[in-house]
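Residue-level structural notes
Here are the chains, one letter per residue:
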Amino acid sequence: MSGAVMLVVLLAAMAIGVPVGLSMGLSAVAALIAAGLSNAFYVIPQQMVEAVNSVPLLAVPYFILAAIAMNETGLTRELFDFASALAGHLRGGLAQVSVVASMIFSGISGAAVADAAGLGSIEVKAMTDRGYPRAFSAAIAAASAAIGPIIPPSIPLVIYAFGAGVSTGRVLLAGILPGVLVGIFLMIANHFIALRRGFPREERARLGRIWRSFLAAAPALATPLIIIGALLTGIVTATESGVLASVYALAVGLATRRLSFRKLFKILEETAIMSGIIMVLIAFGKPMGWAMAFERVPAEAAQLMVNISGSKFVFLLFVIILLVIIGAIMEGLPALLILMPVLVPVATKFGIDTVQFGLILVYGLIIGFVTPPVGIGLYIMSQVAHVRFEEIVRDVLIYLVPMIAALFVIAYWPWVSLWIPNLVFGK
Amino acid sequence: MKQFRSLLQILDRMFLVVSVSALALMTTLSFVQVVVRYVFRGGIVWAQPMTLVLLEITSFTGAAVAVQRKRDIVVTALLRALPKPVERVVLFVATLLAAATALFILTSTPRLIGMQGQVMQILPWPRYVLTLPMVVSLGMIALSLIASAFDFLAGEEVPV
């Protein structure tokens, strides 16, 4: 009963515009009242403090810091030039470059927002200078930015690992192949769009240009090597790889004289605010998850799903449809925090690997980054590219086809997610 | 109201400085810990618990600044579909409800703090040190939301 009260209060509060974190807090208060536990309200602040008091979550501000430092010191520009030398000659030209650049930048940034706001502006300028329609440039920049939270480092995957109680390193490594897969699917779509719309190819870069652009981008390219290399070799933990990456990004900024004291404060300010926005969601999500578990909501949901259909394949199809719909009307991170306590136990009951399910959950919700009406990536690109929201929507819808196709592959072929973590950590 | 806004501006700067300082300290401490561990094969015993205290400070004070600057996450899909005057009323109610929630949770913290008198394992501080950043930030969040509600009443532009 109090589980239903909690859900109704949560949805109603969010719908009328109560900030998502406080909506979660309000729903926990309502659940405690409905369960007759009015003398246990202190559990809410207690759970909030405990949620943040977590070593794996230290990675969140560090991954944000590394990405913002790269953007603010202008190293993102060199990454784009390198991607341009590598992929500009393919059919689809700079649209393909956008995807390749995003795949590389994903190894630095753990948030799609940082990718869209930083790399997105460079991509749109380069594409419009070469005659690509502004709305299309913004659309492919937004779609490729969605790769950011899959390839490690990934803030949503760190949060998932924390919430589902699985190894952070294993979940992060599980994102590498799915991230590459999404990139390849987007590039295939670009190929056909370019054929239909007659987009130009760039001249194939000579080895000399590739080498020069590689050298210029090398300081930035070392960041994904630090993060992914450290995870693969197991030298440091996921949190420590985040510290190394952020200190390295700042050191490169200092060494290249692109980081002033004023800029450093701006980077730290932006990191502190973004970390606050994310961490307070996690804090408010914990008492809500606690209230759900107390009311046995996940167990009942699992039983309900099993009663409806005992098939794992039907359950996965239901999850895919649910994630695409929820992602379209709600931001990914709050949706992840709300859905995780309910869906993970159900997935476990169906025998789905918790690490693979993390990828399905996180990527399924990330598709919402480019799905109207909420699609935050579309709003960011609308601002960055100075183009109307509706125009980007028209051009981005076609990219939902490869993105959702990739989700089906990730959901129904577990080895796509599990091969690398099993190789590194064993089964 | 003008003085209230000025007070919030000052508090905003103070919270931001605290949040940024805690973040800088946290990053430095974690980095030094990694270097000490892997280069000198040693370790600073108090580094991890101290880093977690700093994470609490960065997170909650950063969140308070985000709310004050209206950068927190709000679902606007339904609101945007409403006529402007209705949207204003709904947002006014939502803002008051959010402020009331923050205040309500705040009122249940004294009992929690009363239960956290014991000293932490490594740092010689009482456990409520971890709770204090949240308490102070919830107060700031409530004040910011009350100010926003007054802004709606005064007819200022709705921030969605």
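Structure: see above.
Below you will find a few notes about this structure. Please read all numbers here as calculations on a predicted model, not as lab measurements.

A few words on the overall build of chain A. Counting its secondary structure elements, chain A contains 22 helices and zero strands. Principal-axis analysis of the C-alpha atoms places the extent of chain A at approximately 70 × 50 × 45 Å. Counting the 427 residues in chain A, one finds 63% classified as buried. Carbon together with sulfur atoms contributes 67% to the accessible area of chain A, which is approximately 15200 Å² in total.

Taken together, the 56 residues of chain B in the interface contact 58 residues of chain A. Both sides together, the interface formed by chain B and chain A hides about 5000 Å², and carbon and sulfur atoms give 76% of it. It is B:Arg71, B:Ile73 and B:Val75 in chain B that bury the most area against chain A; as a group they hold 13% of the surface buried on that side. Counting across the chain B and chain A interface gives four salt bridges. Close ionic contact of B:Arg37 with A:Glu240 constitutes a salt bridge, the shortest N to O distance being 2.4 Å. Taken together, the links from chain B to chain A amount to 11 residue pairs in polar contact (both at pLDDT 80 or more). Elements supplying a minimum of two residues to the side of chain B that touches chain A: helix H1 (2–39), helix H2 (47–68), helix H3 (77–80), helix H4 (84–107), helix H5 (109–114) and helix H6 (132–153) of chain B. Top contributing element to the side of chain B that touches chain A by residue count: H1(B), with 13 residues.

For the rest of this paragraph, the subject is the environment of A:Val18. Looking at the secondary structure, you find A:Val18 in the loop between helix H1 (2–16) and helix H2 (20–34). Classification of A:Val18 as buried rests on a relative accessible area of 0%. The spatial distance from the C-alpha of A:Val18 to the C-alpha of A:Gly351 is 37 Å, given a sequence separation of 333 residues. When neighbours within four sequence positions are excluded, A:Val18 is seen to be in contact with A:Ala13, A:Ser23, B:Ala94, B:Leu97 and B:Ala98.

At a minimum axis separation of 7 Å, helix H14 (residues 261–294) of chain A and H2(B) run at an interaxial angle of 100°. With respect to each other, H14(A) and H2(B) are oriented roughly perpendicular. Of the residues in H2(B), those touching H14(A) at A:Ala272, A:Ile273, A:Gly276, A:Ile277, A:Met279, A:Val280 and A:Ala283 are B:Leu55, B:Thr58, B:Ser59, B:Phe60, B:Gly62, B:Ala63, B:Val65 and B:Ala66. Class assignment for the residues of the contact of H14(A) with H2(B) results in 11 nonpolar, four polar and no charged.

Here the idea is simple: oppositely charged side chains can pair when their charged atoms come close. Following the criterion strictly, the structure yields 15 salt bridges over all chains and no others. Here A:Arg130 and A:Glu202 are joined by a salt bridge, their closest N and O atoms 3.0 Å apart. With A:Arg130 in the loop between helix H7 (112–129) and helix H8 (134–145) and A:Glu202 in the loop between helix H11 (176–197) and helix H12 (207–233), this pair connects stretches of sequence that are 72 residues apart. Put simply, A:Glu269, B:Asp12 and B:Arg69 are held in one network by salt bridges that share partners.

Reading guide: rules and limits
- Residues numbered from 1 in each chain as written.
- Chains lettered and ligands numbered in written order.
- Predicted model: local features only at pLDDT ≥ 70, side-chain atom pairs only at ≥ 80, totals over all residues.
- Heavy atoms only, no water.
- Helix = DSSP H or I, 4+ residues; strand = E, 2+ residues; numbered from the N terminus.
- Buried < 20%, exposed > 50% of the residue type's maximum accessible area, 1.4 Å probe, protein only.
- Areas by Shrake-Rupley, 256 points an atom, 1.4 Å probe, with all protein chains shown as cover.
- Contact = heavy atoms within 4.5 Å.
- Buried area = accessible area lost by both parts, 1.4 Å probe.
- Salt bridge = Lys/Arg side-chain N within 4 Å of Asp/Glu carboxyl O.
- Polar contact = N/O pair within 3.5 Å; in protein donor to acceptor, adjacent residues only side chain to side chain.
- Axes fitted to C-alpha atoms, helices over the stretch in contact; angles between N-to-C directions.
- Parallel < 35°, antiparallel > 145°, perpendicular 65-115°, else oblique.
- Nonpolar A, V, L, I, M, F, W, Y, C, P; charged D, E, K, R; others polar.

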